[in-house]
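# Structural overview for review
Next come the chains, spelled out residue by residue.
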Amino acid sequence: MAIPTPPSPSGAPRGSLACVGMGMTLGSHLTPLARSHIEQADVVFAALSDGIVELWLQRMHPDVRSLQPYYAEGKSRMATYRQWVELMMTEVRAGKHVCGVFYGHPGIFAWSPHKAIEVARAEGFTAHMEPGISAEDCLYADLGIDPGRYGCQHFEASQLLFYERRIDPTGYLVLWQVGLVGDLSLKRFSTGPAYRQALVDVLSVDYPLDHEVIVYRGATLPIQQPRVCRMALRDLPGAELTAEETVVLPPAVPLKQNQAMRERLAALDRETATT
């Protein structure tokens, strides 16, 4: 599948950027179009979930450059993400076709792909994001959740501590990066039970402490099974969590009918039937 890049007005080759999703599970989630972007790139940058996945990617391209070494304990993750953008853009400006490969979906909980594409387009380069199967997609399948049934709210967990957010306990609540909840520094890879207790205190306004929560982690290798652990909300502070685990709270109260709106819609139906 050829993916041509338009030449510059002078006829010289122009750099380009494609940020693609590897999906969550090795080998089974990569789309044909994402594979094509990888294979046709001059250089590939990789931010993946596992060293084995990175080795698999190296079989597809001779020049794969890992972005993982730019993480460091005590270093702001935002500084790392800015480095990633600059690394990719340096090659784009040099006239190369660059592919950034990110685990899951490249646009979900991923600052660098969005920023790199924004910068590339602002500088006149062709830039594209190709979606991938995300942790959210796997979560729905593994836990048997249909977000259209009761509705589904998603929050990065720290947002519930840093900001005043409105939670709807009649739908599913999905909390991301609970293992990092409360980290203002962006320098830590985990926070402790006291931080998760602060989250539980916020959630207890809308949920009883004995309400079931589900700790979920999707499989990244074909030989793995997803991690699904159920516990009471009060026990969440003591759970072992990393940034990769997601916490799901099922609905706590039933949906309440809006009787006034139902009557209004019924009246509209009657009017429509007579016209």
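The structure contained in this document is the topic of the report that follows. (Residues numbered from 1 in each chain as written. Predicted model: local features only at pLDDT ≥ 70, side-chain atom pairs only at ≥ 80, totals over all residues. Heavy atoms only, no water.)

### With respect to helix 4 (residues 111–122)
Each α-helix turn comprises 3.6 residues. Residues three or four places apart therefore point the same way. The terminal C-alpha atoms of helix 4, which comprises twelve residues, lie 17 Å apart, in line with the 16 Å expected from a rise of 1.5 Å per residue. Among all positions in helix 4, only Ser112, Pro113, Ala116, Ile117, Val119 and Ala120 are buried. When helix 4 is viewed along its axis, its buried side chains cluster within an angular range of 165° and face the same direction. Set apart from the buried face of helix 4 by more than 90 degrees, the exposed residues are Arg121 and Ala122. Along its buried surface, helix 4 packs onto strand 1 (16–21), helix 3 (77–93), strand 4 (97–102) and strand 5 (126–130). Gly124 sits one or two residues past helix 4 and shows a positive phi near 90°. (Helix = DSSP H or I, 4+ residues; strand = E, 2+ residues; numbered from the N terminus. Expected span 1.5 Å × (residues − 1). Buried < 20%, exposed > 50% of the residue type's maximum accessible area, 1.4 Å probe, protein only. Arc of directions from axis to C-beta. Contact = heavy atoms within 4.5 Å.)

### Digging into unusual backbone geometry
Positive phi outside glycine occurs at Phe109, with the angle close to 50°. Its place among the elements puts Phe109 in the loop between strand 4 and helix 4. Even without being glycine, Gln177 reaches a positive phi, approximately 55°. With respect to the helices and strands, Gln177 occurs in the loop between strand 7 (172–176) and helix 8 (193–203).

### Looking at the environment of Ala120
Position of Ala120 relative to the elements: it lies in helix 4. Sequence separation of Ala120 and Arg217 is 97 residues, and the distance between their C-alpha atoms is 33 Å. For Ala120, the residues in contact, after removing those within four places along its chain, are Leu17, Met89, Phe125 and Ala127.

### Looking at empty space enclosed by the protein
The tally for this structure, following the rule as stated, stands at one cavity of 30 Å³ or more. In this structure, the largest cavity spans a volume of roughly 30 Å³. In terms of lining, the largest cavity is formed by Met22, Gly23, Met24, Thr25, Leu26, Leu48, Ser49, Val53 and Tyr103. (1 Å grid on protein atoms, 1.4 Å probe; cavity = no way out; pocket = protein on both sides within 12 Å on 5 of 7 lines; lining within 4 Å. Points joined across faces, edges and corners; volume = space filled by probe spheres on them.)

### Topic: a nonpolar patch on the surface
Taken together, the side chains of Phe162, Tyr163 and Leu184 present a nonpolar region at the surface, about 360 Å² in accessible area. Along the chain, Phe162 falls in helix 7 (residues 159–162). (Patch = residues over 30% accessible without salt bridge, like charges linked within 9 Å, V, L, I, M, F, W, Y side chains within 5 Å. Areas by Shrake-Rupley, 256 points an atom, 1.4 Å probe, with all protein chains shown as cover. Salt bridge = Lys/Arg side-chain N within 4 Å of Asp/Glu carboxyl O.)

### Section: the sheet that holds strand 1
Strand-to-strand pairing in sheets goes through backbone hydrogen bonds, with the strands running parallel or antiparallel. With parallel pairing, five strands are arranged side by side in an open sheet as 3-2-4-1-5. The two strands at the open ends of the sheet, each matched to only one other strand, are strand 3 (64–66) and strand 5. Averaged over all pairs of adjacent strands, the angle between their axes in this sheet comes to 20°, without regard to strand direction. Examined bridge by bridge, strand 2 (residues 43–47) and strand 4 share five bridges and lie parallel to one another. The residue bridging Val44 from the neighbouring strand is Cys99, located in strand 4. In this fold helix 1 (residues 32–40) packs onto strand 1, strand 2, strand 4 and strand 5, with an angle of close to 140° to the strand it touches most, strand 1. The strands touched by helix 4 within the sheet are strand 1, strand 4 and strand 5, with strand 5 carrying the most contacts at an inclination of about 155°. (Pairing = 2+ DSSP bridges. Axes fitted to C-alpha atoms, helices over the stretch in contact; angles between N-to-C directions.)

### Structural notes on the pattern of salt bridges
Enumeration over the complete set of coordinates arrives at twelve salt bridges. Its salt-bridge partner being Asp63, residue Arg65 comes within 3.0 Å of it at the nearest N-O pair. Between Glu245 and Arg227 there is a salt bridge, with the nearest N and O atoms lying 3.2 Å from each other. One end of the pair, Glu245, is in the loop between strand 9 (227–232) and strand 10 (246–249); the other, Arg227, is in strand 9, and 18 residues separate them in sequence. A relative accessible area of 4% places Glu245 in the buried class.

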